[in-house]
Amino acid sequence: MTSISWRALETHVGLDDLPAFHRAFLTWRGVEGAEGMPLRRVQQRVEAELNRLVQAGQATRDGEDWQLQPGALDGFDAAAPHLG
């Protein structure tokens, strides 16, 4: 199984659904209050959580993208329909 590009995943989700997807990701990662966060703060926290995945060895940074290892999003139900 190959790595998953976070940016490609976001593109597949689509612009209209992206804010809800990002909030669901933060909630899945255990970030409190994601539902009420301003969009700018949501984006900052998403990047912070992706960087935590890098630190945990579940992803690598690739310029403005993150390559997620297979299984890194296991249990994140909102991503499942977009993972092929």
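One can find the structure itself at the top, above this paragraph.
So, a few notes on the structure that sits alongside this text.

**Description of the environment of Thr60**
Mapped onto the elements of the fold, Thr60 is located in strand β2 (residues 59-62). On the basis of relative accessible area, Thr60 is assigned to the partly exposed category, the value being 40%. Distance from Thr60 to Ser5, taken between C-alpha atoms, is 9.8 Å for residues 55 residues apart in sequence. Not counting the four nearest positions on each side in its chain, Thr60 is found in contact with Val54, Asp65, Trp66, Gln67 and Gln69.

**Focus: helix α1 (residues 6-13)**
Of all the positions in α1, only Trp6, Leu9, Glu10 and Val13 are classed as buried. Around the axis of α1, the buried residues are gathered within 100° of arc, so they sit on the same side. More than 90 degrees from the buried face of α1, the exposed residues found are Thr11 and His12. On its buried face, α1 sits against β1 (4-5), α2 (18-28), α3 (39-55) and β3 (65-68).

**A closer look at the packing of aromatic side chains**
Scanning all chains against the criterion turns up 6 aromatic pairs. With centroids separated by 5.3 Å and ring planes inclined at 50°, the aromatic side chains of Phe21 and Phe76 adopt a geometry described as tilted. On the criterion of sequence distance, the pair formed by Phe21 in helix α2 and Phe76 in the segment after β3 is long-range, its members being 55 residues apart. As far as burial versus exposure is concerned, Phe21 and Phe76 are alike and both buried. Relative to Phe76, the ring of Trp28 lies with its centre 5.2 Å away and its plane at 25°, an arrangement referred to as stacked. Of this pair, Trp28 sits in helix α2 while Phe76 sits in the segment after β3, and the two are 48 residues apart along the sequence. Overall, Phe76 belongs to the buried group, its relative accessible area being 4%. Through pairs of rings, three or more aromatic residues link up here, namely Trp6, Phe21, Phe25, Trp28 and Phe76.

Calculation notes
- Residues numbered from 1 in each chain as written.
- Predicted model: local features only at pLDDT ≥ 70, side-chain atom pairs only at ≥ 80, totals over all residues.
- Heavy atoms only, no water.
- Helix = DSSP H or I, 4+ residues; strand = E, 2+ residues; numbered from the N terminus.
- Buried < 20%, exposed > 50% of the residue type's maximum accessible area, 1.4 Å probe, protein only.
- Contact = heavy atoms within 4.5 Å.
- Arc of directions from axis to C-beta.
- Phe/Tyr/Trp six-rings, centres within 6.5 Å; stacked < 30°, edge-to-face > 60°.

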